[in-house]
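Residue-level listing of the chains:
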Amino acid sequence: MNPSTTDAKARQAAPPPTDTPGRAAARPPAPRPRRPVFTGRRGLSIAAFMAPAALFVAVFVYYPMIAGGQMAFRNWNLNDLTDTSWVGLKNFKGILDDPVFYTVLGNTAVWVVGSIVPQFVIGFAIALWLRRKFRFRGLYQALIFFPWAISGFLIGILFRWMFNSEFGVVNDLLEKAHLIDTPIPWLADPKTAMTAVVIANIWYGVTFFTIMILAALQSIPDEIYEAAALDGAGKVRTLFQITIPSIRATLALTVLLRVIWIFNFPDIIFGMTGGGPSNETHIVTTWMISITQQGDYGKASAVGLIVVAMLMVFSVFYLTATRERNGKTS
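Keep in mind that this is a model prediction, so the values were computed, not measured.

A few points about the environment of Ile 95
For step 1, the next point in the chain: With respect to the helices and strands, the residue Ile 95 is situated in helix α3 (residues 90-96).
For step 2, the next point in the chain: Each C-alpha atom, one on Ile 95 and one on Lys 299, is 7.3 Å from the other, the two residues being 204 residues apart in sequence.

Here you go:
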């Protein structure tokens, strides 16, 4: 074969030269990854992995809820299990006719409002302080977050000793500061018992607000504060026009979660007073537990359903109000 003919064919088969020197030839786009095909076998595998968790939730969550809910409509008393007949709304009527129930409702309102407002204010202030960079900030964070790792019942026992009328540290400090002349029976006096348990709950719950608000504050870019400082905005204006609007959703959710938590938080009260004296520190959940201890499961279940209904109504109204407010401000 003639060499010149071979060279000519090779030149014809070669790709045409590019216009720009050094530019590589255009490559075809990479194929997109194919989605896995959902088959019956794959569905069975997913169901097999989810079955243990679903069974656990059904047995230990939903079944007790349904069983406890139906007890509210039955004559279910451990002192006489021979008659567990259906009584309808009799248990609810007995609760509404009981004057202690309205005392407990008032105590619950004082317990929730008196705890949530100071916890929010103090927790917000501490979170603003911890957002700043200073020496040993990590140590201060650990000390502030430490109470949240302790059991609420142990906190109640600790504060019961602190508020002891004979050798409690609270009376000792007040006497040394010349604020009182004689020891105050904090937990034995109906006028001061609720104040004592609220103070203990405030100390315990500040940590929750500090953790949640500090996490939200750290998500705000520093450039926004630098721009506000250049515009001449003071600390108060920056707080109400930048900080709070930026974390409004987190604040609303944190308050809602904390209200539900405090409403259902009997640990400190049981550790300090057990609901006494004369039911003056009983809230709805502690009263429900005391009824359970008496063996009247039907009445206690009715109280539990009333608690669920109250929290659901509050959550709906609260979320609706905060959503409308956020919509107007955005």
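That was the structure; now back to the text.
Examining helix α13 (residues 284-293)
For step 1, the next point in the chain: Val 284, Thr 285, Thr 286, Trp 287, Ser 290 and Ile 291 are the residues of α13 that are buried.
For step 2, the next point in the chain: The positive-phi residue at the C-terminal boundary of α13 is Gly 295, with phi of around 95°.

Some points on the environment of Leu 174
For step 1, the next point in the chain: With respect to the helices and strands, Leu 174 occurs in helix α7 (residues 169-176).
For step 2, the next point in the chain: Judged by relative accessible area, Leu 174 falls into the partly exposed class, the value being 22%.

Considerations on the packing of aromatic side chains
For step 1, the next point in the chain: For the structure shown, the criterion picks out 19 aromatic pairs.
For step 2, the next point in the chain: Residues Phe 73 and Trp 86 carry aromatic rings whose centres are separated by 5.6 Å and whose planes lie at 10° to one another, so their mutual orientation is stacked. Placement of Phe 73 in the loop between α2 (40-71) and α3 and of Trp 86 in the loop between α2 and α3 is noted, with a sequence separation of 13 residues between them.
For step 3, the next point in the chain: With a relative accessible area of 24%, Phe 73 lands in the partly exposed category.
For step 4, the next point in the chain: A relative accessible area of 56% places Trp 86 in the exposed class.
For step 5, the next point in the chain: Ring centres 6.2 Å apart and planes at 35° place the aromatic pair Trp 261 and Phe 265 in the tilted group.
For step 6, the next point in the chain: An aromatic cluster of three or more residues is present, and its members are Phe 120, Phe 124, Trp 148, Tyr 204, Phe 208, Phe 209, Trp 261 and Phe 265.

Observations concerning the confidence of the model for the chain
For step 1, the next point in the chain: In this model, the chain carries an average pLDDT of 84, and 86% of its residues clear a pLDDT of 70 or more.
For step 2, the next point in the chain: Mean pLDDT per element in the chain: helix α1 (residues 3-13) is the minimum at 49, and helix α4 (residues 99-131) is the maximum at 93.
For step 3, the next point in the chain: Across residues 6-10, confidence stays below pLDDT 50; counting only partners more than four residues off in sequence or on other chains, it has one contact.

Quick word on a nonpolar patch on the surface
For step 1, the next point in the chain: A grouping of Leu 55, Phe 56, Val 57, Val 59, Phe 60, Val 61, Tyr 62, Met 65 and Ile 66 is seen on the molecular surface, where their side chains present a nonpolar patch of about 940 Å² in accessible area.
For step 2, the next point in the chain: Looking at where Met 65 falls in the secondary structure, it is placed in helix α2.
For step 3, the next point in the chain: Given the relative accessible area of 54%, Met 65 is considered exposed.

Quick word on the side chain of Thr 192
For step 1, the next point in the chain: By secondary structure assignment, the location of Thr 192 is in helix α8 (residues 190-217).
For step 2, the next point in the chain: Contact partners of Thr 192, with chain neighbours within four places excluded, come to Ile 184, Pro 185 and Trp 186.

As for the pattern of salt bridges
For step 1, the next point in the chain: Tallied over the full model, the rule gives four salt bridges.
For step 2, the next point in the chain: Taking the shortest distance from any N to any O, the salt bridge between Asp 98 and Lys 299 comes out at 3.4 Å. Of this pair, Asp 98 sits in the loop between α3 and α4 while Lys 299 is found in helix α14 (residues 297-329), placing the two residues 201 residues apart along the sequence. Grouping residues by exposure puts Asp 98 and Lys 299 together as buried.
For step 3, the next point in the chain: Ionic pairing is found between Arg 131 and Asp 222, a salt bridge with its closest N-O pair at 3.2 Å. One end of the pair, Arg 131, is in helix α4; the other, Asp 222, is in helix α9 (residues 222-230), and 91 residues separate them in sequence.
For step 4, the next point in the chain: Residue classification places Arg 131 among the partly exposed residues on the basis of a relative accessible area of 21%.

Cut-offs and rules
- Residues numbered from 1 in each chain as written.
- Predicted model: local features only at pLDDT ≥ 70, side-chain atom pairs only at ≥ 80, totals over all residues.
- Heavy atoms only, no water.
- Helix = DSSP H or I, 4+ residues; strand = E, 2+ residues; numbered from the N terminus.
- Buried < 20%, exposed > 50% of the residue type's maximum accessible area, 1.4 Å probe, protein only.
- Phe/Tyr/Trp six-rings, centres within 6.5 Å; stacked < 30°, edge-to-face > 60°.
- pLDDT = per-residue confidence, 0-100.
- Contact = heavy atoms within 4.5 Å.
- Patch = residues over 30% accessible without salt bridge, like charges linked within 9 Å, V, L, I, M, F, W, Y side chains within 5 Å.
- Areas by Shrake-Rupley, 256 points an atom, 1.4 Å probe, with all protein chains shown as cover.
- Salt bridge = Lys/Arg side-chain N within 4 Å of Asp/Glu carboxyl O.

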